[in-house]
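# Structural features, examined
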Amino acid sequence: MSTLFTKIINGEIPGRFVWRDEQVAAFLTTGPLADGHTLVVPVEEVDRWTDASPETLAQVMEVARKIGAVQVSAFGSPRAGLLVAGYEVNHLHVHVWPSHSMADYDFATVDQHPDPAVLDANAEKLRQGLRDAGHGDAVPAN
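What counts as what
- Residues numbered from 1 in each chain as written.
- Predicted model: local features only at pLDDT ≥ 70, side-chain atom pairs only at ≥ 80, totals over all residues.
- Heavy atoms only, no water.
- UniProt positions renumbered as here; feature names shortened; annotations may be inferred.
- Helix = DSSP H or I, 4+ residues; strand = E, 2+ residues; numbered from the N terminus.
- 1 Å grid on protein atoms, 1.4 Å probe; cavity = no way out; pocket = protein on both sides within 12 Å on 5 of 7 lines; lining within 4 Å.
- Points joined across faces, edges and corners; volume = space filled by probe spheres on them.
- Nonpolar A, V, L, I, M, F, W, Y, C, P; charged D, E, K, R; others polar.
- Expected span 1.5 Å × (residues − 1).
- Buried < 20%, exposed > 50% of the residue type's maximum accessible area, 1.4 Å probe, protein only.
- Arc of directions from axis to C-beta.
- Contact = heavy atoms within 4.5 Å.
- Core = buried A, V, L, I, M, F, W, Y, C linked by side-chain atoms within 4.5 Å.
- Polar contact = N/O pair within 3.5 Å; in protein donor to acceptor, adjacent residues only side chain to side chain.
- Salt bridge = Lys/Arg side-chain N within 4 Å of Asp/Glu carboxyl O.

In the nomenclature of an unreviewed UniProt entry, the protein is known as HIT-like protein of Arthrobacter ulcerisalmonis.

Here's what the structure looks like:
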């Protein structure tokens, strides 16, 4: 059975994509810790990060690094937070978001009802930042 993330990647469920290449997709979460909170996910269904091939894990982390760098500049944060948890969906995913302090790592504070217009604007801000950083070949139109 396909995971929720596979369904998003395959277009069966809508997603706000900011990155897509042969190995990795990245899209905004619907429960953000901060504006621009993105999930970086391998296209291949891998349950635990420790089960991923070194190549897949390297590509996931490289895309997370690129997105994090754009988040810092686009959202004016001093750092980009990064977390691999894997309990919500049994499909490897890395959370990346603009972070101002360790308090930003508290998943009890996620926005359960984010404004769709704000999510759309945040996705476009990230897509434009990634294009400006020279990654346009992996950035979807919307």
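Further notes follow.
## A word on the UniProt feature "domain: HIT" (unreviewed entry) in the protein
The feature "domain: HIT" (unreviewed entry), as given by UniProt, occupies residues 4-107 in the numbering adopted here. The span residues 4-107 is 27% helix and 25% strand, and its two end C-alpha atoms sit 19 Å from each other.

## Topic: the layout of surface pockets
There is about 330 Å³ of room inside the largest pocket. Mapped onto the lining of the largest pocket, the elements with two or more residues apiece are helix H1 (4-9) and strand S2 (24-28). The residue makeup of the lining of the largest pocket, split by class, is 11 nonpolar, 6 polar and 2 charged.

## Quick look at helix H3 (residues 116-132)
Over its 17 residues, H3 runs 24 Å from end to end, which matches the ideal 24 Å to within 8%, given 1.5 Å per residue. Among the residues of H3, those classed as buried are Leu119, Asn122, Ala123, Leu126, Arg127, Gly129 and Leu130. All buried residues of H3 fall inside an arc of 165° around its axis, so they share one side. Contact partners of the buried residues in H3: strand S1 (17-20), S2, strand S3 (38-42) and helix H2 (54-75). Backbone geometry just after H3 places Gly134 at a positive phi near 90°.

## Here's the deal with the nonpolar core
Residues Val18, Trp19, Val40, Ile67 and Leu130 are the most contacted members of the largest nonpolar core, which totals 23 residues. Per-element accounting of this core gives the leading share, 6 residues, to H2. Each residue touching Ile67, except ones within four places of it in the same chain, is listed here: Val18, Trp19, Ala26, Thr38, Val40, Val96 and Leu130. Listed in part, the 9 residues of the second largest apolar core include Phe5, Phe17, Phe27 and Val89.

## Observations regarding the side chain of Thr3
Structurally, the position occupied by Thr3 is in the segment before H1. Of note is the side chain of Thr3, whose polar atom sits 3.1 Å from the backbone nitrogen of Thr6. When near neighbours in sequence (up to four residues on either side) are disregarded, Thr3 contacts Glu45, Val89, Asn90 and His91.

## Examining the pattern of salt bridges
Enumeration according to the criterion identifies 6 salt bridges in this entry. For Glu62, the salt bridge identified is with Lys66, shortest N-O distance 3.9 Å. Residue Glu62 and its partner Lys66 are located together in helix H2, separated by 4 residues, close to a single helical turn. Using a relative accessible area of 27% as the deciding quantity, one classes Glu62 as partly exposed. Salt-bridge contacts for Glu124 lead to Arg131; the nearest nitrogen and oxygen are separated by 3.3 Å. In the salt-bridge network here, residues are joined through shared partners; they are Glu62, Arg65 and Lys66.

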